[in-house]
Amino acid sequence: IKTNSFSLAGFPNILSGNQNTGTALFLNNGLLAAGHGPAFNQVLDTDVLLVDTWYHIAVTYDSLTKVMQLYKNGSPAGIPATGVLPDYIETTQSIGSFSGQYFFPGKIDQVRFWSTARTAAEILNSYNCSLSGDEPGLIAWYNFTNGISEANNAGLTTLQDFSDKCNPNDGTLTGFTLNGSTSNWVADSVTLTGACGATFPNINVTGNSICIVDRDSIPSVA
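Reading the values: rules and limits
- Residues numbered from 1 in each chain as written.
- Predicted model: local features only at pLDDT ≥ 70, side-chain atom pairs only at ≥ 80, totals over all residues.
- Heavy atoms only, no water.
- Core = buried A, V, L, I, M, F, W, Y, C linked by side-chain atoms within 4.5 Å.
- Buried < 20%, exposed > 50% of the residue type's maximum accessible area, 1.4 Å probe, protein only.
- Helix = DSSP H or I, 4+ residues; strand = E, 2+ residues; numbered from the N terminus.
- Contact = heavy atoms within 4.5 Å.
- Pairing = 2+ DSSP bridges.
- Axes fitted to C-alpha atoms, helices over the stretch in contact; angles between N-to-C directions.
- Polar contact = N/O pair within 3.5 Å; in protein donor to acceptor, adjacent residues only side chain to side chain.
- Phe/Tyr/Trp six-rings, centres within 6.5 Å; stacked < 30°, edge-to-face > 60°.
- Salt bridge = Lys/Arg side-chain N within 4 Å of Asp/Glu carboxyl O.

Caption draft 1: Seen up close, the nonpolar core. Counting 28 residues, the largest nonpolar core has Ile1, Ile14, Leu25 and Leu27 as its most contacted members. Of all the secondary-structure elements, those providing two or more residues to this core are β1 (13-16), β2 (24-28), β3 (31-36), β5 (57-62), β6 (67-72), β7 (75-82), β9 (111-114) and β10 (138-142). Residues within four places of isoleucine 1 in sequence aside, it is in contact with Ile14, Leu27, Leu49, Thr53, Trp54, Tyr55, Ile57, Phe104, Lys107 and Ile108.

Put into structure tokens, the structure is as follows:
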């Protein structure tokens, strides 16, 4: 994320789930924060973010240990929150807002969702490089490269999921002007290095357009 003076006041949301659960990664008056509702035990950083500065931020939640942890530029941030609710099925996911409000007035890039609680080493080793898209546990990856920076992107409202799967979790942009230097697609945040130095085994089957779902042990004859 890249903050501005407006995003360091109040509770702008970076990522949020269903309004009834209150799951969110957000800023609490300039402090990086995350919570898991409705009890909403919060993990909170101790240092206010700098204005007009790019940060890589992450939050992990382990449903077995019930520990939530923040990371900032690959390093742990704040005191971990414990005793938050067990895992559950999320029905919605928003980027840059919570329940149609608490908008994030800044820039967001390279959003990644995982099905596992990433380790500190995994976050440190991959936060400043690009993914390949087929990493184990990767649920969705939005690198925001669909549009043209600050150009007329009218109608370009699909946020493409670049994770390698049969049914990608594409998103939809709402409330964006999509033209000019604000409320639009913008240039990449930083120049990322290679694909995090890892390769993953794959089989490419040609001949038809049928997709074999990841971990499918009994694919159809077709």
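Caption draft 2: Representation of the sheet that holds β6. If you trace the three strands from one edge of the open sheet to the other, you get β5-β6-β7, paired in antiparallel fashion. Strands with a single pairing partner mark the edges of an open sheet, and in this sheet they are β5 and β7. With direction set aside, neighbouring strand axes in the sheet form an average angle of 15°. Pairing between β5 and β6: six bridges, direction antiparallel.

Caption draft 3: Layout of the side chain of glutamine 69. Secondary-structure assignment places glutamine 69 in strand β6. Classification of glutamine 69 by relative accessible area gives buried; the value is 12%. A polar side-chain atom of glutamine 69 sits 3.2 Å from the main-chain carbonyl oxygen of alanine 77. In contact with glutamine 69, other than residues within four places in its own chain, are Ala58, Val59, Thr60, Pro76, Ala77, Gly78 and Pro80.

Caption draft 4: Structural context of the environment of isoleucine 89. Secondary-structure assignment places isoleucine 89 in the loop between β7 and β8 (94-95). Isoleucine 89 gets classed as exposed once you look at its relative accessible area, which sits at 74%. The spatial distance from the C-alpha of isoleucine 89 to the C-alpha of glycine 17 is 10 Å, given a sequence separation of 72 residues.

Caption draft 5: The arrangement of the pairing of β7 in detail. Note: β6 against β7, five bridges, orientation antiparallel. Bridge pairing in β7 links tyrosine 71 to proline 76. Connecting β6 to the next strand, β7, in antiparallel fashion are two residues, including asparagine 73 with a positive phi near 50°.

Caption draft 6: A look at the sheet that holds β2. Read from one edge to the other, the open sheet built from five strands follows the order β4-β3-β2-β1-β8, with strand pairing classed as antiparallel. The open sheet has two edge strands with one neighbour each: β4 (41-44) and β8. Pairing analysis gives four bridges linking β3 to β4, with the strands arranged antiparallel. Its bridge partner lying in β4, glycine 35 is registered against glutamine 42.

Caption draft 7: Geometry of the packing of aromatic side chains. All chains considered together, the criterion is met by four aromatic pairs. Judged by centre distance (6.3 Å) and plane angle (80°), the rings of phenylalanine 113 and tyrosine 142 are edge-to-face. Of the two residues, phenylalanine 113 is situated in strand β9 and tyrosine 142 in strand β10; the sequence distance between them amounts to 29 residues. As far as the burial class goes, phenylalanine 113 and tyrosine 142 line up, both buried.

Caption draft 8: Inspection of the pattern of salt bridges at higher detail. Applying the stated criterion across every chain, the model contains three salt bridges. Across the pair lysine 2 and aspartate 52 runs a salt bridge whose closest N-O atoms are separated by 3.4 Å. Of this pair, lysine 2 sits in the segment before β1 while aspartate 52 sits in the loop between β4 and β5, and the two are 50 residues apart along the sequence. Looking at lysine 2, the relative accessible area reads 18%, which means it is buried.

Caption draft 9: Spatial organisation of the environment of threonine 182. In this fold, threonine 182 is placed in the segment after β12 (171-172). Taking the C-alpha atoms as reference, threonine 182 lies 19 Å from serine 94; in sequence the two are 88 residues apart.

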